[in-house]
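The lines below spell out each chain.
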Amino acid sequence: EVMVNGLPVIDVDTSDVDFGDVYVGTSDYVYYIIYNRGTADLIVSSISLEEDVFEIRNYPSRISPGSSRSFRLDFNPELANSYSGIMTIVTNDPISDTLEVTLSGVGVDPPVLGLPHELSIDQIRNTVEQYALPIENDGGSDLEWTLNSYTYSDSNDPFGPSYNWEDISSTG
């Protein structure tokens with residue numbers, strides 16, 4: 001009698017995950033995929049991280065032969081700083097029972113739009129004026145912005161500003 005036992009074989013998308021620049025106080029994520037290239041169930045006994053700024057959500061515990069499963073891997077920078085760490089995946093693969101994945105990302109301060117607290121413009125009807133609008137970036141990253149403007153002359157224009165008309169005819 002001949003007995004053949006299958007073996008699980010782990011494979012992954014990449015051994016290096018770089019999140020790039022992520023604003024401090026926000027997060028970014030990737031879906032990381034683990035493949036089982038073997039002929040027996042791959043059992044994932046643990047996945048651990050070195051750094052708290054990286055987070056794993058719901059990793060798979062069992063992957064059927066010839067299948068793959070993904071899990072979410074988050075990067076949550078707390079300070080403007082470069083971060084790196086190792087994600088360690090432990091499985092029942094007899095050849096490669098421990099797999100290390102390098103994680104990296106950079107926390108960057110977001111841009112902060114600085115505008116005047118108040119902008120008041122008095123203009124004579126049917127005239128055109130130009131005004132400077134000072135825009136400042138008080139943050140730590142490039143500020144990208146666009147300005148859309150609208151010119152109107154008829155309060156009944158459907159694309160003009162909305163008005164809340166009050167009837168004052170009875171006030172004299």
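Description of the structure in this document. All of these numbers come straight from a predicted model, not from anything done at the bench. (Residues numbered from 1 in each chain as written. Predicted model: local features only at pLDDT ≥ 70, side-chain atom pairs only at ≥ 80, totals over all residues. Heavy atoms only, no water.)

1. Concerning the environment of Ile43
Step number 1: By secondary structure assignment, the location of Ile43 is in strand 4 (residues 42-49).
Step number 2: Using a relative accessible area of 28% as the deciding quantity, one classes Ile43 as partly exposed.
Step number 3: Sequence separation between Ile43 and Asp93 is 50 residues; the distance between their C-alpha atoms is 8.0 Å.
Step number 4: Setting aside chain neighbours within four positions, we find Ile43 in contact with Ser61, Arg62, Val90, Thr91 and Asn92. (Helix = DSSP H or I, 4+ residues; strand = E, 2+ residues; numbered from the N terminus. Buried < 20%, exposed > 50% of the residue type's maximum accessible area, 1.4 Å probe, protein only. Contact = heavy atoms within 4.5 Å.)

2. Description of the pairing of strand 5 (residues 54-57)
Step number 1: What you see with strand 5 is a clean split: Phe54 and Ile56 sit on the buried side and Glu55 and Arg57 on the side with no burial.
Step number 2: Judged from the 4 bridges that link them, strand 5 and strand 7 (residues 68-75) form a sheet pairing that is antiparallel. Looking at the pairing, Arg57 lines up with Arg72 of strand 7. (Pairing = 2+ DSSP bridges.)

3. Some details on the sheet that holds strand 4
Step number 1: Spatial ordering of the open sheet is given by 2-9-8-4-6, a layout of 5 strands whose pairing is mixed. The strands lining the two open edges of the sheet, one partner per strand, are strand 2 (16-23) and strand 6 (62-63).
Step number 2: Where strand 8 (residues 81-91) meets strand 9 (residues 98-108), 10 bridges bridge the pair, whose relative direction is antiparallel. Opposite Ile89, over in strand 9, you have Leu99 as the bridge partner.

4. Quick notes on the pattern of salt bridges
Step number 1: Applying the stated criterion across every chain, the model contains 5 salt bridges.
Step number 2: For Asp74, the salt bridge goes to Arg57, with nearest N and O atoms at 3.1 Å. Within this pair, whereas Asp74 is found in strand 7, its partner Arg57 is found in strand 5, the two being separated by 17 residues in sequence.
Step number 3: The partner of Arg72 in a salt bridge is Asp74, and the shortest N-O contact between them spans 2.8 Å.
Step number 4: Taking the relative accessible area as the measure of exposure, Arg72 reaches 21% and is therefore partly exposed. (Salt bridge = Lys/Arg side-chain N within 4 Å of Asp/Glu carboxyl O.)

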